[in-house]
Amino acid sequence: MDLREQGAQLDIQQKGMVVLLAVEGNNNAGGRGMSLPELADFMKEMGCIGALNLDGGGSSFMVVNGKQTIESSDATERAVVSAIILKKK
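Residues numbered from 1 in each chain as written. Predicted model: local features only at pLDDT ≥ 70, side-chain atom pairs only at ≥ 80, totals over all residues. Heavy atoms only, no water.

Draft legend 1. Layout of the overall build of the protein. Looking only at helices and strands, the protein has one helix and five strands in total. Long-range pairs, those at least 24 residues apart, make up 60% of the contacts in the protein between residues at least 6 apart in sequence. Accessible surface, the protein as shown: approximately 6700 Å² in total, 55% of it carbon and sulfur. (Helix = DSSP H or I, 4+ residues; strand = E, 2+ residues; numbered from the N terminus. Contact = heavy atoms within 4.5 Å. Areas by Shrake-Rupley, 256 points an atom, 1.4 Å probe, with all protein chains shown as cover.)

Draft legend 2. Looking closely at a nonpolar patch on the surface. A cluster of nonpolar side chains, contributed by Ile12, Val18, Leu20, Ile49, Ile84 and Leu86, occupies part of the molecular surface with about 520 Å² of accessible area. By secondary structure assignment, the location of Ile84 is in the segment after strand S5 (67–68). What makes Ile84 partly exposed here is its relative accessible area of 44%. (Patch = residues over 30% accessible without salt bridge, like charges linked within 9 Å, V, L, I, M, F, W, Y side chains within 5 Å. Salt bridge = Lys/Arg side-chain N within 4 Å of Asp/Glu carboxyl O. Buried < 20%, exposed > 50% of the residue type's maximum accessible area, 1.4 Å probe, protein only.)

Draft legend 3. Spotlight on the environment of Gly58. As for its placement among the helices and strands, Gly58 is situated in the loop between strand S3 (48–56) and strand S4 (63–64). Exposure remark for Gly58: the relative accessible area of 13% places this residue in the buried category. Linking Gly58 and Thr76, residues 18 residues apart in sequence, is a C-alpha distance of 8.2 Å.

Draft legend 4. Quick look at the nonpolar core. By size, the foremost hydrophobic cluster in this structure holds six residues: Val19, Leu21, Val23, Leu39, Met43 and Cys48. When residues of this core are traced back to their parent elements, those giving at least two are strand S2 (18–23) and helix H1 (36–45). The biggest single contributor to this core is S2, with three residues. (Core = buried A, V, L, I, M, F, W, Y, C linked by side-chain atoms within 4.5 Å.)

Draft legend 5. Fine view of the confidence of the model for the protein. On average, residues of the protein score 77 in pLDDT, and 82% of them reach the 70 mark or higher. Taken element by element, the predicted model of the protein shows its lowest mean pLDDT in strand S1 (residues 7–13) (74) and its highest in H1 (88). (pLDDT = per-residue confidence, 0-100.)

Draft legend 6. Broad picture of the environment of Val18. If you trace the backbone, Val18 turns up in strand S2. Along the chain, Val18 and Cys48 lie 30 residues apart, while their C-alpha atoms are 8.7 Å from each other. Beyond its immediate chain neighbours, meaning those up to four positions away, Val18 contacts Leu10, Asp11 and Ile12.

And the structure:
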């Protein structure tokens, strides 16, 4: 069974570009989520050659320039256990 869930992904494209993706799912905003096979196919279509699947479900969260990009699946804020932070040099 391929469950559709909210999740986060870090991917690398052939030329070294890093792609960060947060998938919204199972929430009031209408996000359907993605199964891991769907996510893998999507990243391949985007030209990614390597990937790291990060935490999934309601704890998935992404902030870009100080703004939240996806709504939590259970509409509650959770403690951050791990994070990836990217900053300009």
